[in-house]
Amino acid sequence: MPAAVSYNVADGLTVGLEQLWPLVLLPVVVAALSYLTLWSDSDDARSASDRSRRLLLASRVFVACLLVFGAMGPYTIQARETPGEPEVTLVTDGSDSMMVYPDATEALAADIEEEGAPVSTVRVGNGSSSPIGDGVAANLQENGTVVVVSDGQVTEGRGLAVAADEARRLNATIHAVELEANRTERAVAIEGPGTLTAGVEAEFTVRLRGTNVDEPVPVEARIDGENITTQEIDDNGAFTVSKTFNETGTHRVTATIEGGDVFARNDVFHRSVRVVEQPEVLYVADGDYPLEGYLDELYDVTRASSVPPDLDDYAAVVVQDVPASEMGDVGALQEFVVGGGGLVVVGGENAYENGGYNRSSLAPVLPVRVGNATGGAASIVLVVDISGSTQRTFEIQKATALDVIEDIDGRHQVGIVAYTIQPYRIADLQRLEGNRDELADKIRRLENGGATDTARGLQGAGLMLGDRQGTVILLSDGQDDPDQAAVVARQLQRDGNRVIAVGTGENVDAEMLKAVADASGGTYLRADDTTKLELLFSGGGGRSFEGENLTVVSRDTFITSGLELSANPGKANEVQVKQGADYQVATAEGTPAVASWRFGLGRVATVTAYDEAGTLDGLLEQPDSLLTTRTVNYAVGDPTRTMTGVTTVDDTRVGTRTAVRYRGETPPETDEVTFRQLEEGLYRGEITPEEAGYQRTAGTEYAVNYPLEYGTFGTSSELSNAVSSTDGRTFDADEGSRIADVAKERSTKVRSVRDSWAWLPLLLGLLVFVLEVVTRRVQVYRGRTLLESGLP
């Protein structure tokens, strides 16, 4: 006999018995009652009748059954909504960036407690340290409520996206208090290259970020102590300065704000620029082309008619219009690229399809496939953001998705994944030709709502691709944390995939989408650039794309950033861009003109556009010549790679470690840095500066800037995403009563409640017994029986 038993009789209702052994007593009790009740001396005239005895037995057996049933412990388990104990945890930011906001924590806590919700206040961060993500994660409780009083600018520890994941696991909610800055604060920063070659023009962007900024402020830009320009810019404004450095060594680019605000330490930004000698470039050609003279102005060029076996002294090799049979030691060239060298292959009448490249060992190194035949079918997953943040522009979002379906060549396999905080498989991978209308109809039927988790959407695309290598086209407004999405994008790249991010909607966070695309080796496109997907996935010839000049396909890469091209060489070799390569520039007819990719440790770029004379025509003249310069610079990569006796130090911030690298036989002796050997001829150490400005170590100058805490102000998108992804809310600083009400609602939940019913059969048995005794006493009182027992 089992010790206990239970049954599910309905949804959410279980009945059971705690113990079954009392059933053993029931036959004994019934037998005893039968003997005592039914046995009688039939000759006794005062004996009760058989009928009365049977009724008495039935009554006593019924009472005995009730007592036994009560002893078995009957119970029920039922899901019921029950109130809990509301508790609010205020995680308040104590870092310096909060000095631009009024202190709202004390008054807010008092308002919440007045409404009957206990408050625990936790202070996180101090000075330049702002580990808000750690603070939120450490104070999460199951079904709990955490209210963040912070700008959400995390400077160390885990991100708020990680804390939000933990909150969802615990069914906890993250809320935020919207703060309005009451003090003006600005921070200046400089964006630009850290290493240049002498004689090459460089661009630096001076940018201003701040809060409560109501008027422009003068910003001065100086290079090596000389004033270049002073311009007035608003919050989030920027301007660009250009400079050609002819002298090698370290140069200083400094930007300074002229205006009062809360912090003075972020009113100046330092940028060190290391200018090195022109790298050695091998130029291989069998003829005279103007490209040689152009390169000679920028690099230390060595001319050769074929590739020699020893390429160790060169940073890059440029090959122009040379057939494979006359190229020389192609094996040495392949090893050179794999080991970290750069290669640029310029086309012409004797190159690519005209030069037998498709039969050469050079073919695997190139980012293009030779010939105009249609390439193999690519696997493409369209990932569509259907979260609530796209509500106002969701129809535009769907229209963009429909344009993408229309623009892609029909031979490719296409699948669709939609996502909020989790991915939804809308359509499996299938050949687009013949299924275009069905896929378009599924896009039209999409509905939006919910929080955003781009990382989960990309994971869904990865699962759909499986073991295939393909391309993920992400359609989103970018209103999400880039860190977790970038982690998934990097994993996709490791699996041989890339992400093309397309910004859609009115309020697009282009920086977030660029970060995700860059992490996978992909590219970012605006919604009005989707016709360029036709170039990316259209194969060889026969494209419907047509323009008047060269067209930038992949924007915001090193080669194409900010370029608007006007040249049209007129001719191009017959090639198609390989899967995984970056399609940079197309000709006016829509055929590939410039493509690039990483091969081994090196970089390879192809220039397949040329003119009737076999030259690059307008690509050697301003402003389009910048495309040629950047293409070669891309291949060169780090110009110090082939140099020895060179120490490099990355710019950093106060209190943040930075790498010190030395290339050569023996690193310099210094008390500040301890070098360790990474490989032959390469050493690495670290240093943590404590003061801002231009510093020196191991004989090399580098820049140290203010801590990250003083660089960004205003509520971060990461905090907003953490709130929306946990179904939280954003409150004003005077809405303590609303926070208390939400906490009470949150503490009320459906629980499984166990009720014991043992008392009920015991009470019922007692009532039956009392009723029976009273009935028999009444029988005697009214004279209906002569027996004292009350039985007739």
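Here, every reference points to the structure presented above.
To start, this report covers the structure provided alongside it. (Residues numbered from 1 in each chain as written. Predicted model: local features only at pLDDT ≥ 70, side-chain atom pairs only at ≥ 80, totals over all residues. Heavy atoms only, no water.)

**With respect to the overall build of the protein chain**
We count it as follows: Numbering of helices and strands runs from the N terminus, with a helix taken as a DSSP run of H or I at least four residues long and a strand as a DSSP run of E at least two residues long. Radius of gyration here uses only the C-alpha atoms, and the compact-globule reference equals 2.2 Å multiplied by the residue count raised to the power 0.38. Exposed residues in this analysis have more than 50% of their type's maximum accessible area, buried residues have under 20%, and partly exposed residues fall in between, with area computed by a 1.4 Å probe over protein chains only. Here a residue-residue contact requires only that any non-hydrogen atoms of the pair lie within 4.5 Å. Residues scored as positive are Lys and Arg, those scored as negative are Asp and Glu, and His as well as the terminal groups of each chain are ignored. The location of each charge is read from NZ of Lys, CZ of Arg, CG of Asp or CD of Glu.
The number of helices and strands found in the protein chain is 17 helices and 42 strands. A globule of 792 residues ought to have a C-alpha radius of gyration of about 28 Å, yet the protein chain, at 39 Å, is considerably larger. When the backbone C-alpha atoms are referred to their principal axes, the protein chain occupies close to 145 × 65 × 50 Å. Residues counted as buried form 51% of the 792 residues belonging to the protein chain. The long-range fraction of contacts in the protein chain, counting pairs at least 24 apart against all pairs at least 6 apart in sequence, stands at 71%. Across the protein chain, the centroid of the 66 positively charged side chains sits 12 Å from that of the 120 negatively charged ones.

**Some details on the sheet that holds strand 11 (residues 217-223)**
Formally: In short, DSSP must find at least two bridges between two strands for them to pair. Note on geometry: axes are C-alpha line fits, over the in-contact stretch for helices, and angles between N-to-C directions span 0 to 180 degrees.
Sheet architecture is open: five strands sit in the order 9-15-14-11-12, paired in mixed fashion. At either end of the open sheet lies a strand with only one pairing partner, and these are strand 9 (195-197) and strand 12 (226-233). Within this sheet the neighbouring strands show an average axis-to-axis angle of 25°, counted without direction. As defined by bridge partners, strand 14 (residues 249-257) adjoins strand 15 (residues 268-276) across eight bridges and the pair is classed as antiparallel. Bridge pairing in strand 15 places A255 opposite F269.

**What about the pairing of strand 6 (residues 145-149)?**
The element strand 6 is extensively covered by neighbouring structure, given that five of its five residues are classed as buried. In this sheet, strand 6 lies alongside strand 4 (residues 88-95) in parallel orientation, the contact comprising five bridges. Across the sheet, residue L90 finds its bridge partner in strand 6, namely V147. Strand direction decides the pairing type here: strand 6 and strand 7 (residues 173-178), joined by four bridges, are parallel.

**Regarding the sheet that holds strand 25 (residues 498-503)**
Spatially, the six strands line up as an open sheet ordered 23-22-21-24-25-26, and their pairing is mixed. The open sheet has two edge strands, strand 23 (423-431) and strand 26 (523-526), and neither has a second partner. When the angles between neighbouring strand axes are averaged without regard to direction, this sheet yields 20°. Those strands touched by helix 10 (residues 454-465) are strand 21 (379-385), strand 22 (413-419), strand 23, strand 24 (470-476) and strand 25, and its axis lies near 35° from that of strand 23.

**As for a negative patch on the surface**
Rules: Residues enter a patch when their relative accessible area is above 30% and they make no salt bridge; the linking distance is 9 Å between like charges and 5 Å between nonpolar side chains (Val, Leu, Ile, Met, Phe, Trp, Tyr). Using a 1.4 Å probe, the Shrake-Rupley method yields the accessible areas, and only the shown protein chains count as cover for residues. Definition used for salt bridges: Asp or Glu carboxyl oxygen within 4 Å of a side-chain nitrogen of Lys or Arg.
On the surface, E277, E280, D296, E297, D300, D310, D312 and D313 cluster together into a negatively charged patch. With respect to the element layout, D312 can be found in the loop between strand 17 (300-304) and strand 18 (316-320). The exposed category is assigned to D312, whose relative accessible area is 65%.

**A word on the packing of aromatic side chains**
As a reminder of what qualifies: Each aromatic pair joins two rings of Phe, Tyr and Trp (for Trp, the six-membered one) with centres within 6.5 Å, and gets the label stacked for planes under 30 degrees apart, edge-to-face for over 60, and tilted for any other angle. Counting as a charge over the ring demands two things of the Lys NZ or Arg CZ atom: a distance within 6 Å of the ring centre and an angle within 35 degrees of the ring normal.
The final tally for this structure, using the stated rule, is eight aromatic pairs. Here F263 and F713 contribute two aromatic rings whose centre-to-centre distance is 6.4 Å and whose plane-to-plane angle is 20°, an arrangement assigned as stacked. Note that F263 is positioned in the loop between strand 14 and strand 15 and F713 in the loop between strand 40 (700-705) and helix 15 (717-725), a separation of 450 residues in sequence. On the accessibility criterion, F263 (9% relative accessible area) is buried. Measuring from centroid to centroid gives 6.0 Å for W757 and W759, while their planes differ by 35°, and the two rings are tilted. For W759, a relative accessible area of 47% puts it in the partly exposed group. Taken together, F263, Y710 and F713 form an aromatic cluster joined through their ring pairs. Its end group placed over the ring of Y634, R603 keeps NZ or CZ at 5.3 Å from the ring centre.

**Side note on the packing of helix 11 (residues 482-494) against helix 12 (residues 510-519)**
Rules: An angle below 35 degrees is read as roughly parallel, one above 145 as roughly antiparallel, one from 65 to 115 as roughly perpendicular, and any other as oblique. Crossing handedness is defined as follows: a turn of the near helix away from the far one that is anticlockwise and smaller than a right angle gives a left-handed crossing, while the clockwise case is right-handed. Think of it as three bins: nonpolar holds Ala, Val, Leu, Ile, Met, Phe, Trp, Tyr, Cys and Pro, charged holds Asp, Glu, Lys and Arg, and polar takes everything else, Gly as well.
Taken N-terminus to C-terminus, the directions of helix 11 and helix 12 make an angle of 25°; their axes are 7 Å apart at the nearest point. Here helix 11 lies roughly parallel to helix 12, going by the angle between them. Note on packing geometry: the crossing formed by helix 11 with helix 12 is right-handed. Facing helix 11, whose interface residues are P482, A485, A486, A489, R490 and Q493, helix 12 presents M512, A515, V516 and A519. Of the residues belonging to the contact of helix 11 with helix 12, the class tally is eight nonpolar, one polar and one charged.

**Topic: unusual backbone geometry**
The bulk of non-glycine residues show a negative phi, and the bulk of peptide bonds are trans. Residue P623 follows Q622 across a cis peptide bond; omega there is 0°. With respect to the helices and strands, P623 occurs in the loop between strand 33 (609-610) and helix 14 (625-636). Its identity is not glycine, yet Y352 carries a phi of approximately 55°, on the positive side. Structurally, the position occupied by Y352 is in the loop between strand 19 (342-346) and strand 20 (368-370). Residues other than glycine seldom take positive phi values, yet A698 does so here, at roughly 50°. The topology assignment puts A698 in the loop between strand 39 (693-697) and strand 40.

**Section: the nonpolar core**
Put simply, the test is: By nonpolar core is meant a set of buried Ala, Val, Leu, Ile, Met, Phe, Trp, Tyr and Cys residues that side-chain atoms within 4.5 Å join together.
V88, L90, I112, V188, F204 and V206 are the most contacted members of the largest nonpolar core, which totals 48 residues. Residues contacting V88, with those up to four places away along its chain left out, are I112, A117, P118, V119, S120, T145, V147, I739 and A743. Counting residues in hydrophobic clusters, the runner-up holds 36 residues, among them V281, A315, A609 and A635.

**Overview of the side chain of T89**
Position of T89 relative to the elements: it lies in strand 4. Here T89 falls in the buried class, since its relative accessible area comes to 9%. Each residue touching T89, except ones within four places of it in the same chain, is listed here: S120, V122, N139, T145, V146 and V147.

**Re a nonpolar patch on the surface**
On the surface, a cluster of nonpolar side chains totalling about 1,100 Å² of accessible area is made up of F62, W757, W759, L760, L763, L764, L766, L767, F769, V770, V774 and V778. Looking at the secondary structure, you find L764 in helix 17 (residues 759-781). A relative accessible area of 38% places L764 in the partly exposed class.

**Thoughts on helix 9 (residues 436-444)**
The criterion, for reference: Taking the helix axis as origin, the arc is that swept by the directions to the C-beta atoms.
Those residues of helix 9 that sit buried are L439, A440 and I443. Taken end-on, helix 9 shows its buried residues confined to a sector of 100°, consistent with a single buried face. In the core, the buried residues of helix 9 are packed alongside strand 21, helix 8 (394-407), strand 22 and strand 23.

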